[in-house]
Amino acid sequence: MGLVVTFISWCWPAILLMVIMKLWTIYNDSKMDQTSPLPLPRGSYGLPIIGETIAFVTQFLFDETRLQKYGNVFKTHVLGEPTIICMGPENVRKVLSGEHRVVTSSWPSAIKRLFGEGALSQSFGGIHRKRQKLVRKAFTHDALKSYVTPIRDLVRKHVTYWCDGENEVQAKSKLKSMLLEIACKVVLGLEYEKSDYSKIVETYETFSNGFFAPPINIPGSVFYKAMQARKTLHKYAQESMDRKTNDDRIDALQYIQSSIGENGEALSEEEIRESVIELMFSGHETTASACTSVVMLLARHPDVIGKIRDELDRYGMFEEDGYDVDLDDINRLQYVGQVMKEVLRLAPPTGGGFRKVLETFELEGCQIPKGWTIIYNISNTHRLSNHFDNISDFDPDRWHPDSMTKNQSFHYLPFGGGARSCVGKEFAKLLIKILIVEMARSCSWTVKQLYPRMSRLPVLNPVDGLPTSFKRYGKEKQGVCCQDGIALLKEENLRGI
Ligand code: HEM
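Note that this is a predicted model, so its numbers are computed, not measured. (Residues numbered from 1 in each chain as written. Predicted model: local features only at pLDDT ≥ 70, side-chain atom pairs only at ≥ 80, totals over all residues. Heavy atoms only, no water.)

J.: Kindly report on the pattern of salt bridges, identifying the contributing residues and their values.
T.: In this structure the tally under the stated criterion is 23 salt bridges. The shortest N-O distance in the salt bridge between glutamate 271 and arginine 131 comes to 2.8 Å. Of this pair, glutamate 271 sits in helix H12 (residues 269-300) while arginine 131 sits in helix H6 (residues 125-136); the two residues are 140 residues apart in sequence, bridging distant segments of the chain. A single burial state applies to glutamate 271 and to arginine 131, both of which are buried. Put simply, aspartate 164 and arginine 472 hold a salt bridge, and the shortest N to O gap is 2.8 Å. Of this pair, aspartate 164 sits in helix H7 (residues 141-164) while arginine 472 sits in strand S12 (residues 467-472), placing them 308 residues apart in sequence. (Salt bridge = Lys/Arg side-chain N within 4 Å of Asp/Glu carboxyl O. Helix = DSSP H or I, 4+ residues; strand = E, 2+ residues; numbered from the N terminus. Buried < 20%, exposed > 50% of the residue type's maximum accessible area, 1.4 Å probe, protein only.)

As structure tokens, this is what we get:
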């Protein structure tokens, strides 16, 4: 008897925790669709109230262990909501092709408030369709054509600074500043002094720190600071909108301001402000991630740089002087396009997308209940696709038109898919290709770590910022090489991100 009492007195906290966990599971399971005969997917709701939010923000919940434990569809509880995570081309196809009918976009409430209701990603149904048409006017073939020269000039200026400047720079932050400058110029039509750009970079960082913070708007909180940063960003957008319209601006804002739909509809001032802040954010944060991966993956693969240079040479674009490009020249570079696609397959910047379930539906024999959040995962979908062999290899040749015969939709989705696929994807592709061309033409670089630890939120990035040394690619035409010539090691030793 004494032993039992001792046992209970020692173990009661653990027993109490188990009872609370059980009640937490029963409580969340009771939110399933009781009219559906299908079970919920397997998975865990984590700790009471906070669920698995900490794991979600640190690993974006998509680490391999969960996949192995529960399969391609599992339940969890993150950011205050019972949630389903899904991956794999067929599952993602079902989710994304049900937009506006079976699911609708639903970002965590902090993101909703920071972007505002006027943003494209935060709008629904008919309003989404209307706004999307108007915003797309900023990314037509003609609009992109007009952006090539300013983008190329800015990329060239920055690449030259890196080569002539300090010995070692953080590639991630250098690329981020470059892409923000491009976004300011090409999206907003604004040009600033160098010191002002660092202020804008900081403002955007404070803004995005609030995305996954508790949406508590009290002085001192992360979310409060993010909301203050939002005010500053609105001020920048307004400044740009107020400028006289008779100057010869070529920027996305101008295309959007003059964008009129078939029935004469236009965006309100608030919608325009919120849209351009969204475009500025998406325009630099995701592309900076992709460009950092370009630097990292090409440093591992000097052979690929060699092939890029061969292609530039074939089109007379490798000359030191007198070189100019337009959109058609960029689009003609097939191998550069293959490299860009392969970077986005192996290192997709965005983890996935959030949706709210409007109607219970089925995935892999389980119910996805009405009212729950569902998140589709991009990088694991790429890994699960049977359209790609040797998935961990960086192999731009897999995108050669002769090798790539299958339809890739929902197998390859760095830009999402369905009605909400990325509105700026052609702009992003153009930026990445121009960066590849400019770097291959004019510099060589070594990275300190070929396989840095990566973080996933808000976008994929090396935790150490990717310390890199750039130098001019001189007449001796030495190849790109990583520290200690490590890139010359056998390919089998260099797999995976
Ligand atoms: C490599 C760069 C980029 C990547 C990987 C990327 C990825 C994505 C993805 C995956 C989505 C869909 C999210 C969802 O399903 O909810 C998306 C949507 C969006 N992207 Fe991008 N993006 C990139 C660049 C850009 C650029 C340059 C812009 C604008 C200048 C942009 C603007 C947007 C907007 C406004 C949406 C929301 C569309 C909607 O809800 O209809 N993105 N992007």
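J.: Give a description of helix H10 (residues 222-242) that names residues and reports values.
T.: Given a rise of 1.5 Å per residue, 21 residues ought to cover 30 Å, and the 30 Å separating the end C-alpha atoms of H10 matches this to within 8%. Listed in full, the buried residues belonging to H10 are Phe223, Ala226, Met227, Ala229, Arg230, Leu233, His234, Tyr236, Ala237, Gln238, Ser240 and Met241. (Expected span 1.5 Å × (residues − 1).)

J.: Before we move on, can you summarise the UniProt feature "binding site: heme" (unreviewed entry) in the chain with the specific residues and values?
T.: The UniProt record marks Cys422 with the feature "binding site: heme" (unreviewed entry), using the residue numbering of this structure. Considering the arrangement of structural elements, one finds cysteine 422 in the loop between helix H16 (379-384) and helix H17 (425-442). Here cysteine 422 falls in the partly exposed class, since its relative accessible area comes to 29%. With residues up to four places along the chain from it excluded, the contact list for cysteine 422 reads Arg136 and Phe415. (UniProt positions renumbered as here; feature names shortened; annotations may be inferred. Contact = heavy atoms within 4.5 Å.)

J.: Account for the packing of aromatic side chains, naming residues and giving values.
T.: The geometry of an aromatic ring pair is captured by two quantities: the separation of the ring centres and the angle between the planes. By the definition in use, this model includes 22 aromatic pairs. Where tryptophan 445 meets phenylalanine 470, the ring centres are 6.4 Å apart and the plane angle is 35°; that geometry is what we call tilted. Linking tryptophan 445 in strand S9 (residues 443-447) with phenylalanine 470 in strand S12, this pair joins segments that are 25 residues apart in sequence. Side by side, tryptophan 445 and phenylalanine 470 carry an identical accessibility label, which is buried. An aromatic cluster is built from Phe115, Tyr204, Phe207, Phe211 and Phe281, whose rings are joined through pairwise contacts. Over the aromatic face of tyrosine 473 sits the side chain of arginine 309, whose NZ or CZ is 3.4 Å from the ring centroid. A cation sits over an aromatic face here: arginine 345 above phenylalanine 388, 5.4 Å from the ring centre. (Phe/Tyr/Trp six-rings, centres within 6.5 Å; stacked < 30°, edge-to-face > 60°. Lys NZ or Arg CZ within 6 Å of the ring centre and 35° of its normal.)

J.: Got a sec to walk through the pairing of S9? Specific residues and values, please.
T.: A regular strand carries its side chains on alternate faces of the sheet. Most of S9 sits out of view: four of its five residues are buried. When S9 meets S12, the two strands line up antiparallel, connected through five bridges. Bridge pairing in S12 places serine 444 opposite lysine 471. (Pairing = 2+ DSSP bridges.)

J.: Run through the nonpolar core, naming residues and quoting values.
T.: One finds Ile151, Phe207, Ile308 and Trp445 to be the most contacted residues of the largest nonpolar core, which totals 120 residues. Top element by residues in this core is H12. It accounts for 15 residues. (Core = buried A, V, L, I, M, F, W, Y, C linked by side-chain atoms within 4.5 Å.)

J.: Outline a nonpolar patch on the surface, listing residues and values.
T.: On the surface, a nonpolar cluster with roughly 600 Å² of combined accessible area is contributed by Val4, Phe7, Ile8, Trp12, Leu16 and Ile20. Note that valine 4 resides in helix H1 (residues 2-29). What makes valine 4 partly exposed here is its relative accessible area of 45%. (Patch = residues over 30% accessible without salt bridge, like charges linked within 9 Å, V, L, I, M, F, W, Y side chains within 5 Å. Areas by Shrake-Rupley, 256 points an atom, 1.4 Å probe, with all protein chains shown as cover.)

J.: Which residues make up the site of the ligand, and what values do they have?
T.: The full set close to the ligand counts 26 residues, and His128, Arg355, Tyr376, Arg420 and Cys422 are the nearest of them. Within the contact set of the ligand, an oxygen atom lies 2.9 Å away from a side-chain nitrogen or oxygen of arginine 420. Within the residue set of the shell around the ligand, elements represented by two or more residues are H6, H12 and H17. Ranked by residues supplied to the shell around the ligand, first place goes to H12 with six residues. (Near = heavy atom within 4 Å. Polar contact = N/O pair within 3.5 Å; in protein donor to acceptor, adjacent residues only side chain to side chain.)

J.: Hey, could you go over the sheet that holds S9 for me, with residue numbers and the actual values?
T.: Sheet architecture is open: three strands sit in the order S4-S12-S9, paired in antiparallel fashion. Two strands in the sheet have a free side with no partner beyond their single neighbour: strand S4 (169-170) and S9. On top of the sheet, H7 reaches S9 and S12; it is set at about 100° to S12, its chief contact. This element, H17, spans S9 and S12 of the sheet and lies at about 100° to S9. (Axes fitted to C-alpha atoms, helices over the stretch in contact; angles between N-to-C directions.)

J.: A description of the environment of threonine 206 should follow, citing residues and the corresponding values.
T.: Along the chain, threonine 206 turns up in helix H9 (residues 194-209). Residues threonine 206 and arginine 398, 192 residues apart in the sequence, show an inter-C-alpha distance of 39 Å. Beyond its immediate chain neighbours, meaning those up to four positions away, threonine 206 contacts Lys225, Ala226 and Ala229.

J.: Which residues make up the sheet that holds strand S2 (residues 81-86), and what are the values?
T.: An order of S1-S2-S8-S5-S3 is seen for the five strands of this open sheet, with the pairing classed as mixed. A single partner strand is all that each edge strand has here, and the edge strands are strand S1 (73-78) and strand S3 (103-105). The mean inter-strand angle of the sheet, taken between neighbouring strand axes irrespective of direction, is 35°. Of the strand pairs in this sheet, S2 and strand S8 (residues 373-377) are connected by four bridges, and their pairing is parallel. Looking across to S8, one finds that isoleucine 85 is bridged to isoleucine 375. Against the sheet, helix H4 (residues 89-96) makes contact with S1, S2, S3, strand S5 (352-357) and S8, and its axis sits at roughly 130° relative to S8, the strand it touches most.

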